[in-house]
Amino acid sequence: MRNLLRGMLRPEGLFVALAIPFGLILLLLTPPLQVPDEGEHFYRAYQISEGVLFPLKMTGNVPNYPNREHGRTGGRLPESLRRIEGPPEVELRSASSGVSRRRLQFQWIREGSIDPDARVFISFSNTAVYSPLPYLPQAAGILLARVCTRSVIVCFYAGRLANLLASVFVFWLAIRTLPAMKCLVVSLAVMPMSIYLLPSLSADAPTNALVFLFIAHILRLACRGDHPATWRDFVPLFFLGCLLSLAKPGYASTGKPQNMGNKQEHQGVCRC
C-alpha cells in the first residue's frame, strides 16, 4: 500500500490518478457525437476493426449508390451504424410531448443492432485521410465489443474506453521518460481539452500522446550531458518520428534537423 501511494505521488502516477477517473466520468457523461467529428472517427475505426485499412473512394456510376456520393471517400459499412447519428427529424417531431428529445435520441441509438449483411456506403472523407495508426486502440475496442455483442452503442463506448486507456498509457510513458519538467508536462496533459479528448473516438488523443512521447525522448537526449549519443539512442526517436508521420502527415517535418541551441541552454532546460 505504501509503495502504491509513493507511486501515485510521482508525476506520472499523479497523471494516471487524475486522467483515469475524470476520463471515465467524461466517457459516461458526454453523449455520442459531442466531440468534434466523432461520428466520422467512429466509422473509420469500425472500418479498421473489420480489417479494411484503406478507405473506398466512389468514382463513376456505381450501382445501388446514390449519385450524391460520387467522388466521396468512406467505406461499405453496416447501415445500422448510422443509428449513432440519432433518429431522423421526422421521428423527433412525431414523438410524444412527454418524452424529451435527448431521451428519444439515446433510446434510438441504444436499440440499434448491427446487421453485418445490410451494408451501405457511408462517407467520412475528413477522417479517411488518416492512416490506420491513430485508430488502432479504438478499432481494438470495437473489435472486442463485436465479439460479445451486436449493439451499436456498446461498440461505440468500447472504442472510447480503449482510446482512453491507450492514450493514458502513452502519456504515462512520456512523463516517465522525461528527464526534467515532469510537473509542467503533467499540468499540460491534464488540461480540460486534453482530458476531454482522451475518452473519445478522436484520433487526436493518441496523436497528442505520441507528440509528448517524441518530445520526451528529444529532451532525454539533450540532457545526456557530456555523454555522446550513439546510433542506438536515435532508434526510438526515429521510430516515434515515423509513427507521428503516419498519425499526422504534417508532423513529418519534425524530423528535419534544426538548431538545437548550445550546451548551456541544454543544461538550463535539464535543471528545470
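Everything numeric in this text was worked out from a predicted model, so none of it was measured.

(A) Broad picture of the packing of aromatic side chains. The full count for this structure, using the stated rule, is nine aromatic pairs. With a centroid separation of 6.0 Å and 45 degrees between ring planes, the pair formed by Phe 42 and Tyr 43 is classed as tilted. A single burial state applies to Phe 42 and to Tyr 43, both of which are buried. In textbook terms, an aromatic cluster arises when at least three aromatic residues are bridged by ring pairs, as seen for Phe 42, Tyr 43, Tyr 46, Phe 124, Phe 156 and Tyr 157.

(B) Region of interest: the packing of helix α7 (residues 136–148) against helix α8 (residues 152–177). Close contact between α7 and α8 brings their axes to 7 Å; oriented N to C, the two are set at 140 degrees. Regarding the angle of α7 to α8, the classification is oblique. Note that α7 runs across α8; the crossing there is right-handed. Residues Pro 137, Gln 138, Gly 141, Ile 142, Ala 145 and Arg 146 of α7 pack against Val 154, Cys 155, Ala 158, Gly 159, Ala 162, Asn 163 and Ala 166 of α8. Of the residues that constitute the contact of α7 with α8, the class distribution is eight nonpolar, four polar and one charged.

(C) Spotlight on the nonpolar core. With 29 residues, the main nonpolar core has Phe 15, Ala 19, Val 168, Phe 171, Leu 198, Leu 210 and Leu 240 as its most contacted residues. When residues no more than four places from it in sequence are discounted, the contact partners of Phe 171 are Phe 15, Ala 189, Ser 194, Leu 198, Ala 205, Asn 208, Ala 209 and Phe 212. The next biggest cluster of nonpolar side chains, apart from the first, holds 26 residues, and it includes Leu 81, Ala 128, Ala 139 and Val 152.

(D) Structural context of the packing of α8 against helix α9 (residues 182–189). Two elements in contact, α8 and α9, have axes whose closest approach is 9 Å; the angle formed by their N-to-C orientations is 160 degrees. Taken together, the axes of α8 and α9 are roughly antiparallel relative to one another. In this structure, α8 meets α9 at a crossing whose hand is right-handed. Two secondary-structure elements touch here, α8 through Phe 171, Ile 175 and Arg 176 and α9 through Lys 182, Val 185, Val 186 and Ala 189. Residues of the contact of α8 with α9, tallied by class, amount to five nonpolar, no polar and two charged.

(E) Main features of helix α2 (residues 11–29). Between its first and last C-alpha atoms α2 spans 27 Å; for 19 residues at 1.5 Å apiece the expected length is 27 Å, and the two agree. Within α2, the full set of buried residues consists of Pro 11, Glu 12, Gly 13, Phe 15, Ala 19, Gly 23 and Leu 27. Each buried residue of α2 lies within a common arc of 165 degrees when the element is viewed along its axis, so the set occupies one face. Opposite its buried face, α2 presents the exposed residues Phe 22, Leu 28 and Leu 29, each directed more than 90 degrees away.

(F) Fine view of the sheet that holds strand β2 (residues 73–78). The sheet built from three strands is open, its strands ordered β1-β2-β3 with antiparallel pairing. Looking at the sheet topology across the chains shown, the edges are occupied by β1 (56–57) and β3 (119–123). Examined bridge by bridge, β1 and β2 share two bridges and lie antiparallel to one another. What sits directly across from Leu 56, in β2, is Gly 74. Relative to the sheet, helix α3 (residues 38–49) contacts β1, β2 and β3, its axis offset from that of β2 by approximately 65 degrees.

(G) Quick look at the environment of Ser 151. Summarising the element assignment, Ser 151 is placed in the loop between α7 and α8. Under the relative-accessibility criterion, Ser 151 is labelled buried at 14%. For the pair Ser 151 and Ser 113, spaced 38 residues apart in sequence, the C-alpha separation works out to 4.7 Å. A polar contact of 3.5 Å, which involves the side chain of Ser 151, links it to the backbone nitrogen of Ile 153.

(H) Representation of the pattern of salt bridges. Counting across every chain of the model gives three salt bridges. For Glu 12, the salt bridge goes to Arg 176, with nearest N and O atoms at 3.8 Å. One end of the pair, Glu 12, is in helix α2; the other, Arg 176, is in helix α8, and 164 residues separate them in sequence. Under the relative-accessibility criterion, Glu 12 is labelled buried at 7%. The partner of Glu 38 in a salt bridge is Arg 160, and the shortest N-O contact between them spans 2.9 Å. Of the two residues, Glu 38 is situated in helix α3 and Arg 160 in helix α8; the sequence distance between them amounts to 122 residues. Considered together, Glu 38 and Arg 160 belong to a single accessibility category, that of buried residues.

Parameters and conventions
- Residues numbered from 1 in each chain as written.
- Predicted model: local features only at pLDDT ≥ 70, side-chain atom pairs only at ≥ 80, totals over all residues.
- Heavy atoms only, no water.
- Phe/Tyr/Trp six-rings, centres within 6.5 Å; stacked < 30°, edge-to-face > 60°.
- Buried < 20%, exposed > 50% of the residue type's maximum accessible area, 1.4 Å probe, protein only.
- Axes fitted to C-alpha atoms, helices over the stretch in contact; angles between N-to-C directions.
- Helix = DSSP H or I, 4+ residues; strand = E, 2+ residues; numbered from the N terminus.
- Parallel < 35°, antiparallel > 145°, perpendicular 65-115°, else oblique.
- Left-handed = near helix turned anticlockwise from the far one by under 90°.
- Contact = heavy atoms within 4.5 Å.
- Nonpolar A, V, L, I, M, F, W, Y, C, P; charged D, E, K, R; others polar.
- Core = buried A, V, L, I, M, F, W, Y, C linked by side-chain atoms within 4.5 Å.
- Expected span 1.5 Å × (residues − 1).
- Arc of directions from axis to C-beta.
- Pairing = 2+ DSSP bridges.
- Polar contact = N/O pair within 3.5 Å; in protein donor to acceptor, adjacent residues only side chain to side chain.
- Salt bridge = Lys/Arg side-chain N within 4 Å of Asp/Glu carboxyl O.

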